[in-house]
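Coordinate analysis (summary)
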Amino acid sequence: MTRDGDIPTIFNPRRNRTPSVLVTDEGVANGLFTHTDSVSSQQEAVATATEQNPTTSQPGGIRSQLKSCSSSLCSKNARKQLDVKSAFLNGSLSSPVYMEQPQGLEGRNPNVVCKLNKALYGLKQAPKCWYSLFNKTIINLGFTQSKKDPCLYFTNTTLLLIYVDDLIMFSKCVNELEFVKSSLSRIFKMTEFKNENLVFLGLEIRKINDSVFISQNELIKKVLQKFKMEDCKPAEIPMQPKLQLKGGKNECNPKIAYKELIGCLMYIMLGSRPDLSFCVSYFSQFQNCFTYEHWTYLKQVLRYLKLTENLGLKFTKNNNSVIQLNAYVDSDFANNIQDRKSISGYVIKINNNAVCWQTKKQNVVALSSAESEYIALSYCVCESLFVGQIISDLLNCTVFPIQFYEDNQSCMRIASTLESKRSKLIDVRHHFVRDCVNSGKIILNYIPTEFQEADIFTKSLPCVKFKYFRDCLNIIDCSNYRIKGKCRKTNSVMCVA
């Protein structure tokens, strides 16, 4: 996979463009196309060339699955990280696609076009062709595809995650890993990263005894350097409490890299820093109406990262064989001073390890705090059911009922009874929470506000309270577990050779 620059390529706009079809010297040598004498036949394949890509998991989704498997990862003692070379060129086209002759081709004839034999980077159907080939190959090796995430495969002893051309495998059986690796290597050209510690999609993963540590220390340093904040004054919190900004009326200054910084911070937040969730969500609202004032407050997040660049998530193994799935959900009623929409926030834990989190501005204006809490609860229930089904696929066990912790008793009564006065204005799609309660899939528990861990996802908090909830999420200083030794660059992060 081509990687552009030091910042993760998901936020590089060059990766999202639709370029004209190009053929490299390697592509010509591999016989990726043949000549055809009919230029008009190219028109017959226009529809084929504009096929839509299949639905694939986003990096954030892959990270969620990786963290959802944290309890299993702690117990597995073998792993492999592989990269498929020129992955899209392995895919075969199911329908004819034609292209103009590339520049530099000897004996170029303007009246002749090329018929592709293989998929190329830049074709809209290339990801689908590659994925279909890989899916068929890995299933033939005995893997089962998850019904909930098409990029997750597993056997009784092995887990496999794929994102485009990057693969990561964990297993209890070393021989099975070697078999899978050798089988794939006979079909695809692959590179194995033999590092003491894993670096996957920017996540530095270290296993110490029965614990797994996930951090992004090197990536944070590069972001600070990119925005010239490596020597900035550190800050204790990422955002001032009770900060309320209004969108600017004039056009945004194109010289300010506001959107680029938001993208970098979101990449870090999704990977290992849930403590950044609210501030990233808040400042993202002003991407099309920011001013220099917004930019100044946004840079405080970088000053906070300067102080906490060594922080990361810790996942601990539970000696109990029972998988416990808990969720903390909260909302901040009428938070936005401009449209009075509320903020939802939640965190989902497996055996007290945070695996999913979200801060989201609600789509509708809630008329009461109970209504805003009920809407937030519906968001959390959706994600919790998904995580529970992933665990059921992998471990062949049930995690239901899921324990939910809510600090609004009126919301709990709406979810448990058929009150009509308070709930008649709530959208029907949120009332599936009642069905989940009645069916026994979820259990609602009351928790006092001062112990509500999801509070950090709904508002900016004072320093003492912010650090307390940050500790509840198992965000610790990972500097004692930093990688040492010679480094080489992979996936935009430095790791041990």
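**Focus: the sheet that holds strand 12 (residues 211-215)**
Overall, antiparallel pairing links the 5 strands, which are arranged 10-11-12-13-19 in an open sheet. The open sheet is flanked by strand 10 (198-200) and strand 19 (475-477), the only strands paired with a single partner. Strand-to-strand, the axes of this sheet are offset by a mean angle of 35°, without reference to chain direction. One ladder, built from 3 bridges, connects strand 10 with strand 11 (residues 203-208); its direction is antiparallel. Within the sheet, the bridge partner assigned to valine 199 lies in strand 11 and is glutamate 204.

**Points about the pattern of salt bridges**
One pass over the full model with this rule turns up 11 salt bridges. For glutamate 453, the salt bridge identified is with lysine 349, shortest N-O distance 2.6 Å. On the criterion of sequence distance, the pair formed by glutamate 453 in the loop between strand 18 (442-446) and helix 14 (463-472) and lysine 349 in strand 15 (residues 343-350) is long-range, its members being 104 residues apart. The class for lysine 349 is buried, based on a relative accessible area of 1%. Between aspartate 455 and lysine 459 there is a salt bridge; the shortest N-O distance is 2.5 Å. Where salt bridges share partners, they join Lys80, Glu178, Lys181 and Glu192 into one cluster.

**Section: the sheet that holds strand 8 (residues 166-171)**
What links the strands of a sheet is backbone hydrogen bonding, and the strands pair in either a parallel or an antiparallel sense. Judged by pairing direction, the sheet is antiparallel, and its 6 strands sit side by side in the order 5-6-7-8-2-9 without closing on themselves. Each end of this open sheet is capped by a strand with a single partner; those strands are strand 5 (144-145) and strand 9 (190-192). Here 6 bridges tie strand 2 (residues 78-84) to strand 8, and the two strands are oriented antiparallel to one another. What sits directly across from lysine 80, in strand 8, is methionine 169. In the packing of helix 5 (residues 126-140) onto the sheet, the strands contacted are strand 2, strand 5, strand 6 (152-154), strand 7 (158-163) and strand 8, and the crossing angle to strand 6 comes to about 10°.

**Describing the side chain of glutamate 406**
Inspection of the secondary structure puts glutamate 406 in strand 17 (residues 402-406). Buried charge glutamate 406 goes without a salt bridge, the closest partner of opposite sign being lysine 459 at 10 Å. Other than its neighbours up to four places away in sequence, glutamate 406 contacts Val329, Glu373, Cys411, Met412, Asn445, Tyr446, Ile447 and Gln452.

**Some words on helix 11 (residues 369-395)**
The α-helix advances 3.6 residues per turn, and as a result positions three or four apart in sequence lie on the same side. Here helix 11 spans 38 Å end to end across 27 residues, near enough to the 39 Å set by a 1.5 Å rise per residue. The element helix 11 is largely enclosed, with a buried count of 19 among its 27 residues. A positive backbone phi angle near 55° is found at asparagine 396, which sits one or two residues after helix 11.

Conventions we followed
Residues numbered from 1 in each chain as written. Predicted model: local features only at pLDDT ≥ 70, side-chain atom pairs only at ≥ 80, totals over all residues. Heavy atoms only, no water. Pairing = 2+ DSSP bridges. Helix = DSSP H or I, 4+ residues; strand = E, 2+ residues; numbered from the N terminus. Axes fitted to C-alpha atoms, helices over the stretch in contact; angles between N-to-C directions. Salt bridge = Lys/Arg side-chain N within 4 Å of Asp/Glu carboxyl O. Buried < 20%, exposed > 50% of the residue type's maximum accessible area, 1.4 Å probe, protein only. Contact = heavy atoms within 4.5 Å. Lys, Arg positive; Asp, Glu negative; His and termini not counted. Expected span 1.5 Å × (residues − 1).

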